[in-house]
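# Survey of secondary and tertiary structure
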Amino acid sequence: MSTKPMKPLKKPQSAQVQVDLRDAETIKCNDCNNYLFITSFILKKLSAIVSPNGQEALIPVQVYSCGNCGKVADGMLESMNLEEESNTDKFPSLDI
Ligand SMILES: [Zn+2]
């Protein structure tokens with residue numbers, strides 16, 4: 001008896017994983033608790049120096065931002081190397 005070569009397992013039933021979304025965490029906006037997000041794009045400008053084709057390029061990066069206050073969901077910006085002004089706990093002064 002020889003072991004069979006690795007073969008993807010085929011299940012007779014549809015391989016769709018049943019996920020109960022009630023168990024999944026709903027991401028909410030940190031600022032306003034809103035849970036509806038809209039897709040937005042961060043545009044990264046690639047300077048001609050580092051661009052592979054030597055030309056300035058705009059690279060859109062899709063993120064999700066709060067549909068209410070516009071804040072981008074946590075964790076989305078970390079890889080973008082963006083400095084968020086609201087990172088400090090300082091309460092912004094209001095100009096009234
Ligand atoms: Zn919000």
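All values reported here derive from a predicted model rather than from experimental measurement.

### Quick word on the overall build of the protein
Counting its secondary structure elements, the protein contains 0 helices and 2 strands. Across the 96 residues in the protein, those meeting the buried criterion constitute 2%.

### Considerations on unusual backbone geometry
Unlike most non-glycine residues, Asn33 shows phi in positive territory, near 65 degrees. For Asn33, the location among the structural elements is in the segment before β1 (37–46).

### A few points about the environment of Cys69
With respect to the helices and strands, the residue Cys69 is situated in the segment after β2 (57–66). Every residue in contact with Cys69, bar those within four places of it in the chain, is listed here: Cys29, Asp31, Cys32 and Asn34.

### A few points about the pairing of β1
Within β1, only 0 of the 10 residues are buried, which leaves it mostly out in the open. Taken together, the 10 bridges between β1 and β2 define a ladder with antiparallel strand orientation. Along β2, the bridge assignment pairs Leu43 with Pro60.

### Some thoughts on the environment of Ile38
You can see Ile38 is positioned in strand β1. Among the residues examined, Ile38 registers 11 C-beta atoms within 10 Å and is labelled exposed. In this structure the C-alpha to C-alpha distance between Ile38 and Asn68, which are 30 residues apart in sequence, comes to 9.1 Å. With residues near it in sequence (within four places) discarded, Ile38 still touches Tyr64, Ser65 and Gly67.

What counts and what doesn't
Residues numbered from 1 in each chain as written. Predicted model: local features only at pLDDT ≥ 70, side-chain atom pairs only at ≥ 80, totals over all residues. Helix = DSSP H or I, 4+ residues; strand = E, 2+ residues; numbered from the N terminus. Buried ≥ 20, exposed ≤ 12 C-beta atoms within 10 Å, placed from the backbone. Contact = placed C-beta atoms within 7 Å. Pairing = 2+ DSSP bridges.

Interpretation in functional terms is not warranted from these geometric data alone.
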